[in-house]
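Residues per chain are reported as follows:
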Amino acid sequence: MASQDKHQTEKNHHLIQALRHAFDGIVTMLKEERNMRYHTLAAVLALLLGVLLRISTSDWLWLLLVIFLVFAAEFLNTVTEAVTDLLVHHQYDIEVKKAKDVAAGGVLIAACFAVVVGLIIFGPRLLNLLNLIK
């Protein structure tokens, strides 16, 4: 369902047109960005674990928050990389390196937060399961 107007230079005129472009962006991220595929796999595993462990509504909210926070950070990191590479024609520039490093740091911070939230939500439940098995 890729959008047909690949050479569009003006603003979207309709919501459907905007949604198609957004969908294209998501598909592009999944196809071209290895780390996005890793984040997606981690999210699917966390969601499955949430279902299996029957986490509470508030835990679901935290889990979904960190999943979408990591996704958003990864999208912004990819935008930063693409735009800065375009600006310097893929040549090394210390300011571009700084921008890319800061954007990657943002993804790392979001991912660390997701791990902490995951440990808070799943840690006690998994320990209880281990104790029941023993």
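Reference entry: report on the structure contained in this document.

Each value, and the rule that gives it
- Residues numbered from 1 in each chain as written.
- Predicted model: local features only at pLDDT ≥ 70, side-chain atom pairs only at ≥ 80, totals over all residues.
- Heavy atoms only, no water.
- Helix = DSSP H or I, 4+ residues; strand = E, 2+ residues; numbered from the N terminus.
- Contact = heavy atoms within 4.5 Å.
- Phe/Tyr/Trp six-rings, centres within 6.5 Å; stacked < 30°, edge-to-face > 60°.
- Buried < 20%, exposed > 50% of the residue type's maximum accessible area, 1.4 Å probe, protein only.
- Polar contact = N/O pair within 3.5 Å; in protein donor to acceptor, adjacent residues only side chain to side chain.
- Expected span 1.5 Å × (residues − 1).

### Let's talk about the environment of T40
Alright, step 1. Following the sequence through the fold, T40 ends up in helix α2 (residues 34-52).
Alright, step 2. Separated by 30 residues in sequence, T40 and V70 place their C-alpha atoms 9.6 Å apart.
Alright, step 3. In this view, T40 contacts L30 and F71; residues no more than four positions away in its chain are not counted.

### Side note on the packing of aromatic side chains
Alright, step 1. Tallied over the full model, the rule gives 2 aromatic pairs.
Alright, step 2. Measuring from centroid to centroid gives 6.5 Å for W62 and F113, while their planes differ by 80°, and the two rings are edge-to-face. With a gap of 51 residues between them, W62 in helix α3 (residues 57-87) and F113 in helix α4 (residues 94-133) connect regions that are remote in the sequence.
Alright, step 3. Here W62 falls in the partly exposed class, since its relative accessible area comes to 45%.
Alright, step 4. The exposure class assigned to F113 is partly exposed, which follows from its relative accessible area of 33%.
Alright, step 5. Aromatic side chains F68 and F71 sit 6.1 Å apart centroid to centroid with 80° between the ring planes, which places their arrangement in the edge-to-face category.

### With respect to the side chain of T84
Alright, step 1. Looking at the secondary structure, you find T84 in helix α3.
Alright, step 2. What makes T84 buried here is its relative accessible area of 11%.
Alright, step 3. Within the local environment of T84, its side chain forms a polar contact with the backbone oxygen of T80, the two atoms lying 2.7 Å apart.
Alright, step 4. Residues in contact with T84, not counting those within four places in the same chain, are V96, A99 and K100.

### Some words on α3
Alright, step 1. Across its 31 residues, α3 extends 45 Å between first and last C-alpha, which sits within 8% of the 45 Å expected from 1.5 Å per residue.
Alright, step 2. Turning to α3, its buried residues are D59, L63, V66, I67, V70, F71, A73, E74, N77, T78, T84 and D85.
Alright, step 3. Looking at the buried residues of α3, the elements they touch are α1 (15-32), α2 and α4.

### A word on unusual backbone geometry
Alright, step 1. Its identity as a non-glycine residue notwithstanding, R54 has a phi of 50°, on the positive side.
Alright, step 2. Checked against the element boundaries, R54 lands in the loop between α2 and α3.
Alright, step 3. Owing to a relative accessible area of 73%, R54 belongs among the exposed residues under this scheme.

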